[in-house]
Amino acid sequence: MSIGKKLLWFGVAALGTLAIAILALSRGEQISALWIVIAGFCALSISYRFYSSWLATKVLVLNEERATPAVLKNDNKDYVPTNRWMVFGHHFAAIAGPGPLVGPVLAAQFGFLPGTLWILIGATLGGGVHDMIVLFASIRRGGKTLGQMVKDEIGPGVGLLALVSVLAIMIILLAVLALVVVQALAQSPWGVFTIAVTIPLALIMGIALRTGKVSVLVVTIFGLLGLAFGVWGGQFLAHFPAIEAWFRHDQKWLAWAIMIYGLAASVLPVWMLLTPRDYLSTFLKLGTVGMLAAAVVLINPTLQMPALTKFVDGTGLVFAGPVFPFVCITIACGAVSGFHSLIASGTTPKMIRRESRIRPIGYGAMVIEMMVALMAMIAACVLQPGEYFAINTKGTPTEVVAKVSAAGFPVTEPQMQSLATNLGESTMFNRAGGAPTFAVGMAHMFARVSAKPTALALWYHFAIMFEALFILTTIDAGTRVGRFLLQDFLGNVWRPLGNTRSWTANFFSSVLLVAAWGWFLYEGVIDPLGGINSLWPLFGLANQLLSVVALCLGTTLLIKMHKSKYLFVTLVPLCFMCAVTFSAGYLKVFSADPRLGFLSGARSLMEQASTMADSTKAAELIRQAGVWRFDALVAVFFLVLVLGIVLGSARQWWQLMRGTKRVVLHESEFVQISPAQLAQF
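Here is a short report on the structure shown in this document. Predicted model, so just to flag it, every value in this text is computed and none were measured.

1. Describing the overall build of the protein
- Each helix and strand in the protein was counted, giving 27 helices and two strands.
- Over its C-alpha atoms the protein spans a radius of gyration of 24 Å, differing by no more than 12% from the 26 Å that the globule rule assigns to 681 residues.
- With respect to the principal axes defined by its C-alpha atoms, the protein has extents near 70 × 60 × 55 Å.
- Across the 681 residues of the protein, 59% fall into the buried class.
- The contacts of the protein with a sequence gap of at least 6 include a subset with a gap of at least 24, amounting to 83%.
- The averaged location of the 30 negative side-chain charges in the protein is 11 Å from the averaged location of its 47 positive side-chain charges.

2. Section: a nonpolar patch on the surface
- Taken together, the side chains of Phe 229, Trp 232, Phe 236, Phe 240, Ile 243 and Trp 246 define a hydrophobic patch exposed on the protein surface, amounting to about 690 Å² of accessible area.
- Those elements that place two or more of their residues in the nonpolar patch are helix H10 (216-233) and helix H11 (241-247).
- Within the secondary structure, Trp 246 is located in helix H11.
- With relative accessibility at 60%, the residue Trp 246 sits in the exposed group.

3. Some words on empty space enclosed by the protein
- Taken as a whole and judged by the stated rule, the model has two cavities of 30 Å³ or more.
- In this structure, the largest cavity encloses a volume near 60 Å³.
- For the largest cavity, the full set of lining residues is Ile 95, Gly 97, Pro 98, Gly 99, Leu 173, Leu 177, Cys 333, Phe 339, Thr 474, Phe 539 and Asn 543.
- Listing elements by their share of the lining of the largest cavity, those giving two or more residues are helix H8 (156-185) and helix H23 (536-560).

4. Focus on the packing of aromatic side chains
- With the rule as written, the count across this model stands at 22 aromatic pairs.
- Seen from their ring centres, Trp 503 and Phe 507 are 5.1 Å apart, and the 5 degrees between their planes marks the pair as stacked. Within this pair, Trp 503 and its partner Phe 507 are both found in helix H22 (residues 503-526), separated by four residues, close to a single helical turn.
- Looking at Phe 507, the relative accessible area reads 33%, which means it is partly exposed.
- Feature note: the residues Tyr 51, Trp 54, Tyr 363, Tyr 566 and Phe 568 constitute an aromatic cluster, connected by ring pairs.
- It is Arg 49 that lies over the ring of Phe 50; its NZ or CZ is 4.8 Å from the centre.

5. Some words on the packing of helix H2 (residues 34-59) against helix H6 (residues 112-140)
- As a packed pair, H2 and H6 sit with axes 10 Å apart at the nearest point and diverge in direction by 25 degrees. Here H2 lies roughly parallel to H6, going by the angle between them. You can see that H2 and H6 cross each other, and the crossing is right-handed. Between H2, through Ile 36, Ala 39, Gly 40, Ala 43, Ser 47, Tyr 51, Ser 52, Leu 55 and Ala 56, and H6, the contact on the second element is made entirely by Thr 116, Leu 120, Thr 124, Leu 125, Val 129 and Met 132.

6. Topic: unusual backbone geometry
- Residue Phe 324 is joined to Pro 325 through a cis peptide bond whose omega torsion reads 15 degrees.
- Checked against the element boundaries, Pro 325 lands in helix H14 (residues 323-330).
- Phi is positive for Asn 76, which is not a glycine, with a value near 65 degrees.
- Summarising the element assignment, Asn 76 is placed in the loop between helix H3 (69-72) and helix H4 (84-95).
- Phi at Asn 300 takes a positive value of approximately 50 degrees, unusual for a residue other than glycine.
- Mapped onto the fold, Asn 300 is located in the loop between helix H13 (274-299) and strand E2 (302-303).

Rules of the game
Residues numbered from 1 in each chain as written. Predicted model: local features only at pLDDT ≥ 70, side-chain atom pairs only at ≥ 80, totals over all residues. Heavy atoms only, no water. Helix = DSSP H or I, 4+ residues; strand = E, 2+ residues; numbered from the N terminus. Rg over C-alpha atoms; globule rule 2.2 N^0.38 Å. Buried < 20%, exposed > 50% of the residue type's maximum accessible area, 1.4 Å probe, protein only. Contact = heavy atoms within 4.5 Å. Lys, Arg positive; Asp, Glu negative; His and termini not counted. Charge placed at Lys NZ, Arg CZ, Asp CG, Glu CD. Patch = residues over 30% accessible without salt bridge, like charges linked within 9 Å, V, L, I, M, F, W, Y side chains within 5 Å. Areas by Shrake-Rupley, 256 points an atom, 1.4 Å probe, with all protein chains shown as cover. Salt bridge = Lys/Arg side-chain N within 4 Å of Asp/Glu carboxyl O. 1 Å grid on protein atoms, 1.4 Å probe; cavity = no way out; pocket = protein on both sides within 12 Å on 5 of 7 lines; lining within 4 Å. Points joined across faces, edges and corners; volume = space filled by probe spheres on them. Phe/Tyr/Trp six-rings, centres within 6.5 Å; stacked < 30°, edge-to-face > 60°. Lys NZ or Arg CZ within 6 Å of the ring centre and 35° of its normal. Axes fitted to C-alpha atoms, helices over the stretch in contact; angles between N-to-C directions. Parallel < 35°, antiparallel > 145°, perpendicular 65-115°, else oblique. Left-handed = near helix turned anticlockwise from the far one by under 90°.

Keep in mind these numbers describe shape, not what the thing actually does.
Encoded structure:
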């Protein structure tokens, strides 16, 4: 490296260090949100240029001439060699679900500093490694899923635990993701119209590319023009009531529609719907996030939320729990997310043509998602803290205003009514969940660039639609990956069901999987108090438990590859995530605080029910108490399964390191690509 380049990278490192120091050491003074963007871009640049390159060349030793599963097993359905930009678009769209948008918004109750530091450190040293090594492992093993690889590399007993736990966690994750989409799109013709437009666009793009007569550039331009029409045209539906009625639907209708879409995305060839649609939505995702970053640079907003709030002790108004471990549980995607391991061992490894693309797709997509999470943190923290907490605190308007103001963040009912009016909404109270808050913050920044009085309402509804599209692309890829996992499991019962080349087996497994997460989704739609809403606290815990399983696999592979001197790259994140998940799981189940612990919360509800004169309300509380007990049971089930995987893995490591167990590295047969074939890819 030349002296000039060394000086350049030294300057980038110095600038990033300065940005983090300003954010960390500020106490009371006004801080520009631009410092978060600068810290993010510096961390992204340095980690991708140096750390991911070192991982690719020294730790994993990627082989450019080694044939990938997409080339060896090309079946035009699941294994399809695909253009690298299409694969990147699909992978980024699939991993970037609600986590990088909703998680940072909720974690902002601790202040902007804890979440920002976790996103920067977690993504570069944990999430990028996690995604990259699982993608590498799956490609080297013929595109196998996470559960199957754990079974092959660690042992059949641990593998069975992994298959069961991963599949169970996957069902809950998909149901929660689908519920978020349903709630965002209910009675929203604009959002439904935009998403509906992307489906025929994707089919046309997929078929056009498959003919080989249309270039990726032409197809991309066509798709972008169609997407622009869908985003821009949706706002005019109000002028055509008859057409608008086609796209205005309630939650029940949308739940069935998402189930049908998930089934189609799982069964149809990957090139026909899944890949082009995810590729298309990536432009909207990255374009919107890029616009948000540009808005931060142009308007230079001030962070209204303090660096640290009083709620780091666990008494938060948005959710209960201390800053550690719950900032790491709340912010999953955007830092470290177990769901990424399912995509990296599901659809993506079956489409990559060359091993060299593991680095930009595995690590690169992760650090870009890190920037999305930082934009969400900014969107939440540029709001007035009183408004932020009032939006996310449950209760009547009078109760919420009194509670938030008493906590030291003054807000009034007229102030909240004025906010709702400007956004084109009837009220902004009881909008907990993170998504509305992100939309408000995003709308505030975009509206400041425009002088139109209706700009705030327009950008708010655009942001709601954008979030729904962001999450839906995780559901389609997740359902297909879940089908792979289910077929791995069913194949142990009856071998033909595990054959992914069989249309009948694929369809049967897809129906079973969609029925499983669809049941939880529909229960959440018809019974908001007792259905899938009650499982939302498990979402972050289950997601991070998956990352523990994936990092156990990565550590095992490094030992088997005789890379023990590099074990720290997976072992350090693994130990940290174990501390995070098991401490959070213990608190969620056994904490004496009824706002935090499932069991104490259930006891509190039963005590309230016993003193109520209204039998209907008492029955409702008793039912909710039962749901919380079920949550506790599910959490313990997940924790025990993952603990078994960790202990089984540790036993395997000990035997391998002592040399008492022969190293058997289950890799696909090495097939070298000729220079002529390599030129085609």
